[in-house]
Amino acid sequence: MTTDASSSPDHSPAEPLVSRGFWQETWLRFRRRRLAMSALYFVCFLGLVALFSPCIAGTKPVVCQYKGNLYFPALGYWNRAWENPIFRKDRFRNRYPKNLAAKDPDSWAVWPLVYQDPYRRVRDDEWDGQPGNPTGADGRPNRHNWFGTDQSGVDVFAQMVHGTRIALLVGFVSMGIAAAIGVVVGALAGFLGGWVDVLLSRLIELVMCIPSLVLILSLIAIIEEVTIWHLMAVIGVTSWTGIARLTRAEFLKLKRMEFVTAAQALGASKFRIMFRHILRNALAPILVPITFGIAAAILVESGLSFLGFGAPPPNPSWGTLLNSGRVMIQQTWWLILFPGLAIFLTVLAYNLIGEGLQEATDPRLRKAEK
Amino acid sequence: MVSFLLRRIAIGLLTLLLITFVIFGLIRNMPGTPLTVDSAESDPSKSISPEDLKRLEKTYGLDKPWPQAYLVWVGNLCQLDLGRSFTHKQPVGNLIRERVGPTLLLTVTSLILAYLLSIPLGLWATVRGGTTGERSVSTALYMFYSLPSFVAALFLQILIAVRLGWLPLFGMKSDNYAQLSALGQTWDIFLHALMPIFCFTYGGLAYYTRFIKSNMEEVIRQDYIRTARAKGVAPYRIVVHHAFRNTLIPLVTMIGLTLPSLLSGAVILEQVFSWPGMGTLFFESIGRRDYPTIMGLTLIFSSLTLLGQLLADVLYAVVDPRVTYS
């Protein structure tokens, strides 16, 4: 891009009287768009919810003192192994409140905001004054289950809070994979040209021609035990074509610029020119389809989970909730309304951010502004 | 033009071969075969004895390695034989012919509707750009664009079918369909198709409208528009005759590019509405490992996608006299 002189690697940050860098300029322009900014805030909010999901809804204490030591059992929601084995040895069986009091009267604990579990039904005598979760059509939203419960009595609010983790992870991981493939393929095709370009362009066209859901479903059906990581890999592997095409076009355009000739004259290797010199300048336009791709990936994951092709339950994905709501659509509207809204808002937020980025980085629109 | 067409068709056929080869390899490597999946699901005690399994595999051609089986499949395809479905016990060709109608009813209707509605809407949004009405319509369309169709389908089902009871919840025909008169039958299908068609249409409608508006805004700044205005051409004529004709070119190429996503949408939406189309069939076949049906449907889906792209290229030359392929 044109304003990149200030962000070249040998520029010292302390130098005065320097014009704003490209990213700074983009950020300034992005910040002026109120909708895009509120979308960004929303995604940050989702990130916080995902990060602190075990503190918001769970049945394991965030911090507790037990037999003289401090423990963080809530970490078990992140990774089974992070829950201290002492609780398994002492036969807690995931019923912390009563067991803590019974086995160590001096113990204390800080509990999550909502005592509900995303993986199992909360029973009658677990928490003082909180009845067991209702099941099926009785599980409509109430004081203890804000968003109701599903057929087997698992709290929907807890599932949605923990599902945020999956939704965000799916977006970033699968688009990370897609971006890595797309950028490498596009860079090689655009920079090297010749038969490499012909071959890779054919490959891109071929993958684009395969109806994506046919390919995704066939790939998933091969996997014996589908986990959320498999889904991310499959989505990533099938959605890189748009990024590759754009990268190729950018490289075709940029490789004729003077700074590339200069780098060549300095004796930089092809690899260095491609990924250090050209890619930095092509990054802004590539970022736009990546942002839209995150929205699409979240959509595909929830669609697949909704169709029953996702990770098997208990897996608190928003799509899985929709699927369980569809079975009894006549009665359980809350199983569809809340997760559906969550998917919608997340997709909308990413689309708005993508749009904002597009308008902030597009030089044509910048000219119109002046 | 003819040589261009021939070359494109040849490339298309080659692409089709590659696609089917990839998908064939994938589905033959799925765990389970149509014979084992079926029997294990119905009753574990009814599992087929190893000798019977061998015999059955031989009759269905499952004993060969998959590249060889692929060649057999292509050979049969050249004789217009798609094989027999394992689960439906009838030729795949007949099966697809049965299911293609309902799918086309949804996709083609919604494609036409989306184009018919988006053009006036997009032009209106350009002319009235910046007014409150235009802003609210554009915002609503943007929200629609981000609303996943299966979520919309479920919301509609709850609101219109379950709460209000205005439209049937799913399916294509009522139980008493056979007793209805011809007019009643059409009305019945129409009622069943309303919600699916709406869900198929709104996403495309929102996308095209935004597309037309952004293109029109670029065109309307051009010098020839100013010239037309200066010489006193009526505003209506400027928008339709001078500006819109120049946004038609990218719009036409969109048809070809939206076809694959429309078909992908069919797989999910038909499932939501239990619509007896190709998407539902594909979905069932994957679960039952019905290889010939999966392959037949893959062939149809990919051919339609390629045809759409070809159509876009041809139409490109039709609407833009500057483009020639000779």
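Structure shown above.
What comes next is a walk through the structure.

## What about the environment of Ala50 of chain A?
All names here are of chain A. Looking at where Ala50 falls in the secondary structure, it is placed in helix H2 (residues 34-51). Using a relative accessible area of 7% as the deciding quantity, one classes Ala50 as buried. Spatially, the C-alpha atoms of Ala50 and Val161 are 6.9 Å apart, while their sequence positions differ by 111 residues. Among all residues touching Ala50, those that are not within four sequence positions of it are Trp78, Thr164, Arg165 and Leu168.

## Some thoughts on the interface of chain B and chain A
Each partner contributes to the interface: chain B provides 43 residues, whereas chain A provides 38 residues. Of the roughly 3,700 Å² buried at the junction of chain B and chain A (both faces included), carbon and sulfur atoms supply 78%. The tally of links between chain B and chain A comes to one salt bridge. Glu355 of chain A serves as the salt-bridge partner of Arg210 of chain B, at 2.8 Å between the closest nitrogen and oxygen. Top element by residues in the side of chain B that touches chain A is helix H7 (residues 149-163) of chain B. It accounts for eight residues.

## Brief notes about the side chain of Glu301 of chain A
All names here are of chain A. Mapped onto the fold, Glu301 is located in helix H12 (residues 270-307). Look at Glu301: it is buried, it has no salt bridge, and the nearest opposite charge is Arg165 at 12 Å. At 2.8 Å, the side chain of Glu301 and the side chain of Ser305 are in polar contact. Beyond its immediate chain neighbours, meaning those up to four positions away, Glu301 contacts Ile166, Val170, Ile228, Leu231, Ile235 and Ser317.

## Focus: unusual backbone geometry
Residue and element names in this part refer to chain B. Not every positive phi belongs to a glycine, and Ser274 is a case in point at roughly 45 degrees. With respect to the helices and strands, Ser274 occurs in the loop between helix H10 (235-272) and helix H11 (278-288). For Arg289, which is not a glycine, the phi torsion comes out positive at approximately 55 degrees. For Arg289, a relative accessible area of 11% translates into the label buried.

## A word on the packing of helix H6 (residues 156-192) of chain A against helix H10 (residues 241-254) of chain A
Relative placement of two packed helices is described by the angle separating their axes and the distance separating the axes. Residues and elements named next belong to chain A. Two numbers describe how H6 lies on H10: the axes approach to 7 Å, and their chain directions differ by 35 degrees. Classified by chirality, the crossing of H10 by H6 is right-handed. Between H6 and H10, the residues in contact are Met175, Ala178, Ala179, Gly182, Val183, Val185, Gly186, Ala187, Ala189, Gly190 and Phe191 and Ile243, Ala244, Thr247, Arg248, Phe251 and Leu252, respectively. Taken together, the residues of the contact of H6 with H10 sort by class into twelve nonpolar, four polar and one charged.

## Observations concerning empty space enclosed by the protein
Residue and element names in this part refer to chain A. All chains considered together, the criterion is met by one cavity of 30 Å³ or more. Considering only enclosed or pocket space, the largest cavity measures out at about 30 Å³ in volume. As for the largest cavity, its lining consists of Gly163, Ile166, Ala167, Glu301, Ser302, Ser317, Trp318 and Gly319. Among the elements of the structure, H6, H12 and helix H13 (318-327) are those that each provide at least two residues to the lining of the largest cavity. With three residues, the single largest contributor to the lining of the largest cavity is H6. A breakdown of the residues in the lining of the largest cavity according to their chemical character gives three nonpolar, four polar and one charged.

## Considering the packing of H6 of chain A against helix H9 (residues 228-238) of chain A
Residue and element names in this part refer to chain A. Viewed as axis vectors pointing N to C, H6 and H9 meet at an angle of 40 degrees, and their least axial separation amounts to 8 Å. With respect to H9, the axis of H6 lies oblique. In the packing of H6 onto H9, the handedness of the crossing is right-handed. Contacts from Ile166, Leu169, Val170, Val173, Ser174, Ile177, Ala178 and Ile181 in H6 reach Ile228, Trp229, Met232, Ala233, Ile235, Gly236 and Val237 in H9. Residue composition of the contact of H6 with H9, by class: 13 nonpolar, two polar and no charged.

## Quick word on the layout of surface pockets
All names here are of chain A. For the second largest pocket, the calculated volume is near 750 Å³. In terms of lining residues, the second largest pocket is bounded by 29 residues, among which Tyr77, Trp78, Tyr119, Arg165 and Ile166 are the most central. Listing elements by their share of the lining of the second largest pocket, those giving two or more residues are H2, H6 and H9. Of all the elements, H6 adds the most residues to the lining of the second largest pocket, at six residues. Residue composition of the lining of the second largest pocket, grouped by class: 17 nonpolar, seven polar and five charged.

## Section: the sheet that holds strand E3 (residues 69-71) of chain A
Residue and element names in this part refer to chain A. With respect to topology, three strands assemble into an open sheet ordered E3-E2-E4, the strand pairing being antiparallel. Only two strands of the sheet have a single neighbouring strand rather than two, namely E3 and strand E4 (108-110). Across the sheet, the mean angle separating the axes of adjacent strands is 20 degrees when strand polarity is ignored. Of the pairings in the sheet, the one linking strand E2 (residues 63-66) to E4 comprises three bridges and is antiparallel in character. Residue Gln65 lies in a different strand from E4, and its bridge partner there is Trp108.

## Side note on the pattern of salt bridges
Residues and elements named next belong to chain B. According to the stated counting rule, one finds nine salt bridges over all chains in the structure shown. Across the pair Asp223 and Arg226 runs a salt bridge whose closest N-O atoms are separated by 3.1 Å. In this pair, Asp223 and Arg226 both sit in helix H9 (residues 223-230), three residues apart, roughly one turn of the helix. Judged on exposure class, the residue Asp223 and its partner Arg226 are both exposed. Each member of the salt-bridge network shares a partner with another, and the members are Glu134, Lys213 and Glu217.

## Let's talk about the pairing of E2 of chain A
All names here are of chain A. Sheet topology note: the E2/E3 ladder contains three bridges and is antiparallel. Among the inter-strand pairings, Cys64 is bridged to a residue of E3, identified as Tyr71. Between E2 and E3, which follow one another and run antiparallel, lie two residues, and Lys67 among them has a positive phi close to 50 degrees.

## Observations regarding the side chain of Thr201 of chain B
Mapped onto the elements, Thr201 of chain B comes out in helix H8 (residues 182-219). On the basis of relative accessible area, Thr201 of chain B is assigned to the buried category, the value being 7%.

Thresholds applied
Sequence order as written defines residue numbering, which begins from 1 separately in each chain. Labels follow written order: the first chain is A, the first ligand is 1, and so on. Only residues with pLDDT of 70 or above have their local features reported here, since the model is predicted, and side-chain atom pairs are shown and tallied only from 80 upward, although totals for entire chains, interfaces and linings are computed over all residues. Where side-chain values are given, they derive from all heavy atoms of the structure, hydrogens and water being excluded. Secondary structure is summarised from DSSP: a helix means a run of H or I of at least four residues, a strand means a run of E of at least two, and numbering begins at the N terminus for each. When accessible area is computed with a 1.4 Å probe and restricted to protein chains, residues below 20% of their type maximum are described as buried, those above 50% as exposed, and intermediate ones as partly exposed. Only heavy atoms enter the contact rule, under which two residues are in contact if any of them lie within 4.5 Å. Here the buried area means the combined drop in accessible surface, using a 1.4 Å probe, for two parts upon being joined, counting both sides. Whenever Lys or Arg places a side-chain nitrogen within 4 Å of a carboxyl oxygen from Asp or Glu, that contact is recorded as a salt bridge. Lys and Arg are tallied as positive, Asp and Glu as negative. Neither His nor the chain termini are counted. Here a polar contact is recorded for every N or O atom pair within 3.5 Å, except that within protein the pair must consist of a potential hydrogen donor and a potential acceptor, and residues adjacent in sequence are included only if both atoms are side-chain atoms. Fitted lines through C-alpha atoms serve as axes, helices being fitted only where they are in contact, and the angles separating the N-to-C directions of these axes extend from 0 to 180 degrees. It is the rotation of the near helix from the far one that decides the hand of a crossing: anticlockwise by less than a right angle makes it left-handed, clockwise makes it right-handed. Note on residue classes: Ala, Val, Leu, Ile, Met, Phe, Trp, Tyr, Cys and Pro are nonpolar, Asp, Glu, Lys and Arg are charged, and everything else, Gly too, is polar. Here a cavity denotes grid points, spaced 1 Å and computed from the protein atoms alone, that fit a 1.4 Å probe unable to get out, and a pocket denotes an open set having protein on both sides within 12 Å along at least 5 of 7 lines; residues with an atom within 4 Å of a point are the lining. Grid points are joined across faces, edges and corners, and a volume is the space filled by probe spheres set on the points. Our angle categories are set so that under 35 degrees counts as roughly parallel, over 145 as roughly antiparallel, 65 to 115 as roughly perpendicular, and the remainder as oblique. The pairing criterion for strands is at least two bridges between them, as found by DSSP.

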